[in-house]
Amino acid sequence: MFSKVQIGRRARRQFETLYKRIDAIAVTSHSASNGPDPYQPGGSVSTRQRRKIECLFREPSFESCDASVANALLEFLTYGNRQELARIRPLVLARRWQKKVHLVIDALVAATSCGILRLRWEIYCPVCKSASATRDSLCEVDEDHHCLVCRQDIRTDFSHAVELTFAPGEGCIRPDRQAYCRGGPAHARHVPLQMILPPDASRTIAIHLCEGNYQVRGVRLPICIDLHVDPELSSRRASFELKSEAISLSESSLSSGDVSLTFSNRHRHDVLVRLERVSADGRFDPDLLCAAQVATFDSFRNQFPKEIASLGHPIDIQSISFVVCEFVIDRSNVDRVSVERFGIEDYQRLQCELQRLRALFAKCGGTLMKSIGSEAVGVFMDESCAKKAAQQVIQQAGAGVGHRVTLATGPAILAAVEGRHEYFGETLARARSALGYQKVPGTVLEV
Ligand SMILES: [Zn+2]
């Protein structure tokens, strides 16, 4: 009798507290996954463990990290959702914190170097759209993989289907590693909207959309249609008419943030409509940071040089940017006798420039891949980062040194040759050969 009352009263109080907390978070956050965990307000670690993590965050490896990103990571590790902590995805954090991916990678790499986290590689299955297997090192990833969920053989494409994730190291954080329903919304975070529309019905949905590419699709719809969301745009409304032969829409591009979407079903049957965030090519999970992209992050290359590519497994990259710089010594103030000769002073000047370039590329989100003589090659995952770096090379040139700079974006092959990581292909060749046409130091030639 007493236990009945206790359980009844206590359970009611606990449920009331929980639902109030969920309500408060739902009102202040655009998505439950973007804020604190409503089910675990106290955090995922004990006070002692939190102190230990805070102490590790003061280690020298964090000194070069962006302070706001390091703080956000500390907050996430101590108060974050325990299920999410079991599988930390860098692009999800970058989007949530609205920070550049390379800054998030810098902080995650620093946390890995002091044992708070460890890195893993997940083999993504494009059929069942989930992580099919996990490996501790890229060397352990075979070329072919059999997915036990959908029972299909898949090719482990390093540029699309091998994802870098992080998990807590030993002893610091206890994540939730239980397997939950594969059909649950936690496994479909790239789907902000799904609904069933009855025949001839219309529905308007107010929704918050992040920047990116989306697709409207459905099981019984004849085609899927693209929607681009960009913070630079002003349009906040779009209408989709779902017809038997097509989907017509009023706007193919919208502003990010709060928007209004109207769906009208012109079929004679129910239609399941789904809005999915997709990658630029519309095929893969947009939050997947693949092995090929990771190779362009300076902090990752320095900390894990063996975790990039192996000789037997070259990576075919769909799009990457190269910035090629040639140093040009200004000899206008040099006497005529030493004009023709490249001396020790010139060499020292070039070494200073090389150091400056290395730091500049890393700061802009790329890495200095190599230098040959007076030529240096930088590689970037993001073209806008490459453009920014190319401009800064010129604007911040050292005294007495000019630069010829070219920039090219396109496909490339990444492979390990004699222990070094090299890029091959027409894109890099184009950027290097264009240096010959670049007669004007102080400008960037895009080819
Ligand atoms: Zn599968």
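## What about the overall build of the chain?
Turning to step 1, where the next piece is worked out: Each helix and strand in the chain was counted, giving eleven helices and 20 strands.
Turning to step 2, where the next piece is worked out: Expressed as a percentage of its 447 residues, the buried residues of the chain come to 30%.

## A word on the sheet that holds strand S7 (residues 202–209)
The pairing of strands in a sheet comes from backbone hydrogen bonds and takes either a parallel or an antiparallel form.
Turning to step 1, where the next piece is worked out: Judged by pairing direction, the sheet is mixed, and its four strands sit side by side in the order S7-S13-S10-S11 without closing on themselves. Strands at the two margins of the open sheet, each flanked by one partner only, are S7 and strand S11 (247–249). Ignoring which end each strand starts from, the neighbouring axes of this sheet average 20° apart.
Turning to step 2, where the next piece is worked out: Here eight bridges tie S7 to strand S13 (residues 257–265), and the two strands are oriented antiparallel to one another. Residue Ile207 lies in a different strand from S13, and its bridge partner there is Val259.

## Thoughts on the nonpolar core
Turning to step 1, where the next piece is worked out: Counting 80 residues, the largest nonpolar core has Ala107, Ala291, Val323 and Ala389 as the members making the most contacts within it.
Turning to step 2, where the next piece is worked out: Core analysis: the second largest hydrophobic core is formed by 13 residues, Leu197, Leu221, Leu227 and Val273 among them.

## Here's the deal with unusual backbone geometry
Turning to step 1, where the next piece is worked out: The phi dihedral of Gln98 falls on the positive side, at around 55°, and the residue is not glycine.
Turning to step 2, where the next piece is worked out: One can find Gln98 in the loop between helix H5 (90–97) and helix H6 (101–113).
Turning to step 3, where the next piece is worked out: In this structure Gln98 comes out as exposed when scored by C-beta crowding, with 9 C-beta atoms within 10 Å.
Turning to step 4, where the next piece is worked out: The backbone of Asp200 sits at a positive phi, close to 60°, despite the residue not being glycine.
Turning to step 5, where the next piece is worked out: As for its position among the elements, Asp200 is in the loop between strand S6 (193–197) and S7.

## A short note on the environment of Ser46
Turning to step 1, where the next piece is worked out: Tracing the chain through its elements places Ser46 in the loop between helix H1 (2–28) and helix H2 (47–56).
Turning to step 2, where the next piece is worked out: Taking the C-alpha atoms as reference points, Ser46 and Thr78, 32 residues apart in sequence, are found 8.6 Å from one another.

## Section: the sheet that holds strand S1 (residues 117–125)
Turning to step 1, where the next piece is worked out: Overall, antiparallel pairing links the three strands, which are arranged S2-S1-S5 in an open sheet. Single-partner strands in this sheet number two, and they are strand S2 (130–135) and strand S5 (162–168). Going from strand to strand, the sheet's axes swing by 40° on average, the running direction of each strand aside.
Turning to step 2, where the next piece is worked out: Of the strand pairs in this sheet, S1 and S2 are connected by five bridges, and their pairing is antiparallel. When the sheet's bridge partners are listed, Ile123 is paired in S2 with Ala133.
Turning to step 3, where the next piece is worked out: The sheet contacts of H6 involve S1 and S5, and relative to S1 the element is tilted by about 120°.

## A few points about the packing of H2 against helix H3 (residues 67–79)
Turning to step 1, where the next piece is worked out: In the contact formed by H2 and H3, the axes pass within 11 Å of each other and the chain directions differ by 160°. Taken as axis vectors, H2 and H3 run roughly antiparallel relative to one another. When the axes of H2 and H3 are compared, the crossing they make is right-handed. On H3, the residues touching Arg50, Ile53 and Glu54 of H2 are Leu74, Leu77 and Thr78.
Turning to step 2, where the next piece is worked out: Here the contact of H2 with H3 is composed, by residue class, of three nonpolar, one polar and two charged.

## Quick word on the pairing of strand S14 (residues 271–278)
Turning to step 1, where the next piece is worked out: By the bridge criterion, five bridges tie S6 to S14 in an arrangement that is antiparallel. Bridge assignment links Leu193 to a residue of S14, and that residue is Leu275.
Turning to step 2, where the next piece is worked out: Of the pairings in the sheet, the one linking strand S8 (residues 212–217) to S14 comprises five bridges and is antiparallel in character. Its bridge partner being in S14, Asn213 is matched across the sheet by Val278.

## Details of the environment of Glu276
Turning to step 1, where the next piece is worked out: Counting through the fold element by element, Glu276 comes out in strand S14.
Turning to step 2, where the next piece is worked out: C-alpha of Glu276 to C-alpha of Gln215: the two residues are 61 residues apart in sequence and 5.3 Å apart in space.
Turning to step 3, where the next piece is worked out: Each residue touching Glu276, except ones within four places of it in the same chain, is listed here: His190, Val191, Tyr214, Gln215 and Arg217.

## Considering helix H9 (residues 344–363)
Turning to step 1, where the next piece is worked out: An ideal rise of 1.5 Å per residue puts 28 Å on 20 residues; H9 measures up with 29 Å between its terminal C-alpha atoms.
Turning to step 2, where the next piece is worked out: Among the residues of H9, those classed as buried are Glu353, Leu357, Phe361 and Ala362. Buried residues of H9 fall within an arc of 165° about the axis and therefore sit on the same side. Summarising the geometry of H9, the exposed residues directed more than 90 degrees from the buried face are Ile344, Glu345, Gln348, Gln351 and Gln355.
Turning to step 3, where the next piece is worked out: Gly365, located one to two residues past H9, shows a positive phi value of around 100°.

## Points about the packing of H3 against H6
Turning to step 1, where the next piece is worked out: Two elements in contact, H3 and H6, have axes separated by 9 Å at closest approach and are oriented at 55°. In terms of orientation, H3 and H6 fall into the oblique class. Every pair of crossing elements has a handedness; the one defined by H3 and H6 is right-handed. Taken together, the residues of H6 that come into contact with H3 (itself represented by Val69, Ala70 and Leu73) are Leu103, Val104, Ala107 and Ala111.
Turning to step 2, where the next piece is worked out: Tallied by class, the residues present in the contact of H3 with H6 amount to seven nonpolar, no polar and no charged.

## Notes on the environment of Lys129
Turning to step 1, where the next piece is worked out: With respect to the helices and strands, Lys129 occurs in the loop between S1 and S2.
Turning to step 2, where the next piece is worked out: Judged by the 16 C-beta atoms lying within 10 Å of it, Lys129 falls in the partly exposed class.
Turning to step 3, where the next piece is worked out: C-alpha of Lys129 to C-alpha of Asp285: the two residues are 156 residues apart in sequence and 7.6 Å apart in space.

## Things to note about the confidence of the model for the chain
Turning to step 1, where the next piece is worked out: Taken as a whole, the chain shows an average pLDDT of 80; of its residues, 81% reach a score of 70 or greater.
Turning to step 2, where the next piece is worked out: Confidence scores differ between elements of the chain, with H1 showing the lowest mean pLDDT of 62 and H6 the highest of 93.
Turning to step 3, where the next piece is worked out: For the stretch residues 30–34, pLDDT sits under 50, and the model shows six contacts to residues farther than four places along the chain or on other chains.

About the cut-offs
- Residues numbered from 1 in each chain as written.
- Predicted model: local features only at pLDDT ≥ 70, side-chain atom pairs only at ≥ 80, totals over all residues.
- Helix = DSSP H or I, 4+ residues; strand = E, 2+ residues; numbered from the N terminus.
- Buried ≥ 20, exposed ≤ 12 C-beta atoms within 10 Å, placed from the backbone.
- Pairing = 2+ DSSP bridges.
- Axes fitted to C-alpha atoms, helices over the stretch in contact; angles between N-to-C directions.
- Core = buried A, V, L, I, M, F, W, Y, C linked by C-beta atoms within 7 Å.
- Contact = placed C-beta atoms within 7 Å.
- Parallel < 35°, antiparallel > 145°, perpendicular 65-115°, else oblique.
- Left-handed = near helix turned anticlockwise from the far one by under 90°.
- Nonpolar A, V, L, I, M, F, W, Y, C, P; charged D, E, K, R; others polar.
- Expected span 1.5 Å × (residues − 1).
- Arc of directions from axis to C-beta.
- pLDDT = per-residue confidence, 0-100.

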